[in-house]
Amino acid sequence: QVQLVESGGGLVQAGGSLRLSCTASGRTVSRSAMGWFRQAPGKEREFVASISSSGVTTYYTDSVKGRFTISRDNAKKTVYLQMNSLKPEDTAIYYCAAGRPFAVATTTQSAFDSWGQGTQVTVSS
């Protein structure tokens, strides 16, 4: 199993930036795709971004393309989500997730078998 701990959330004004970090412990994640998901109040958890184990392939949901960037540092066992030009509709709890070893990067939640506790991101208008 993998333990994932997110950090970097907070309160920011619309147009601002935040960088989320997710550090893994336990099973190595260097061979796993990693992803970020979010859940807004009253809504289901949704895909935000994912990255392949090598970092070469990335996927984004349409609403964050051009504003968010996912990256990873396998030596530090950390994945990042740089969020720029934040909007009030980005307000949510953001979760980091790790995929099964050797599985390809995907946008599907069921492909990820380890989850962090989440970090709150609040964007004020």
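Refer to the structure presented above.
Residues numbered from 1 in each chain as written. Predicted model: local features only at pLDDT ≥ 70, side-chain atom pairs only at ≥ 80, totals over all residues. Heavy atoms only, no water.

J.: Would you mind showing me how to read the overall build of the chain here?
T.: Counting its secondary structure elements, the chain contains zero helices and 11 strands. In the chain, the order of α-helices and β-strands from amino to carboxyl end is β-β-β-β-β-β-β-β-β-β-β. By the compact-globule yardstick of 14 Å for 125 residues, the chain fits well, its C-alpha radius of gyration being 13 Å. On the principal axes, the C-alpha backbone points of the chain span a range of 40 × 25 × 25 Å. For the chain, the proportion of its 125 residues judged to be buried stands at 42%. Considering only contacts in the chain between residues 6 or more positions apart, those separated by 24 or more positions represent 59%. When the accessible area of the chain is evaluated, it comes to approximately 6200 Å², of which 48% is carbon and sulfur surface. If the 13 positive side-chain charges of the chain are averaged to one point and the 8 negative ones to another, these points end up 7 Å apart. (Helix = DSSP H or I, 4+ residues; strand = E, 2+ residues; numbered from the N terminus. Rg over C-alpha atoms; globule rule 2.2 N^0.38 Å. Buried < 20%, exposed > 50% of the residue type's maximum accessible area, 1.4 Å probe, protein only. Contact = heavy atoms within 4.5 Å. Areas by Shrake-Rupley, 256 points an atom, 1.4 Å probe, with all protein chains shown as cover. Lys, Arg positive; Asp, Glu negative; His and termini not counted. Charge placed at Lys NZ, Arg CZ, Asp CG, Glu CD.)

J.: What is the right way to look at the packing of aromatic side chains in this model?
T.: The relative placement of two aromatic rings is captured by the distance of their centres and the angle of their planes. Under the definition given, this model contains four aromatic pairs. Taking the centre distance of 5.7 Å and the plane angle of 75° together, the rings of F37 and F47 count as edge-to-face. Of this pair, F37 sits in strand β4 (residues 34-39) while F47 is found in strand β5 (residues 46-51), placing the two residues 10 residues apart along the sequence. With relative accessibility at 0%, the residue F37 sits in the buried group. Ring centres 4.9 Å apart and planes at 55° place the aromatic pair F37 and W115 in the tilted group. Here W115 lies in strand β10 (residues 112-115) and F37 lies in strand β4, a separation of 78 residues in the sequence. The class of W115 is partly exposed, set by a relative accessible area of 24%. Following the ring pairs from residue to residue traces out a cluster consisting of F37, F47, F112 and W115. Across the ring face of Y95, the terminal group of R45 is positioned such that the distance to the ring centre comes to 5.4 Å. Residue placement shows R45 over the ring face of W115; its charged tip is 3.8 Å from the ring centre. (Phe/Tyr/Trp six-rings, centres within 6.5 Å; stacked < 30°, edge-to-face > 60°. Lys NZ or Arg CZ within 6 Å of the ring centre and 35° of its normal.)

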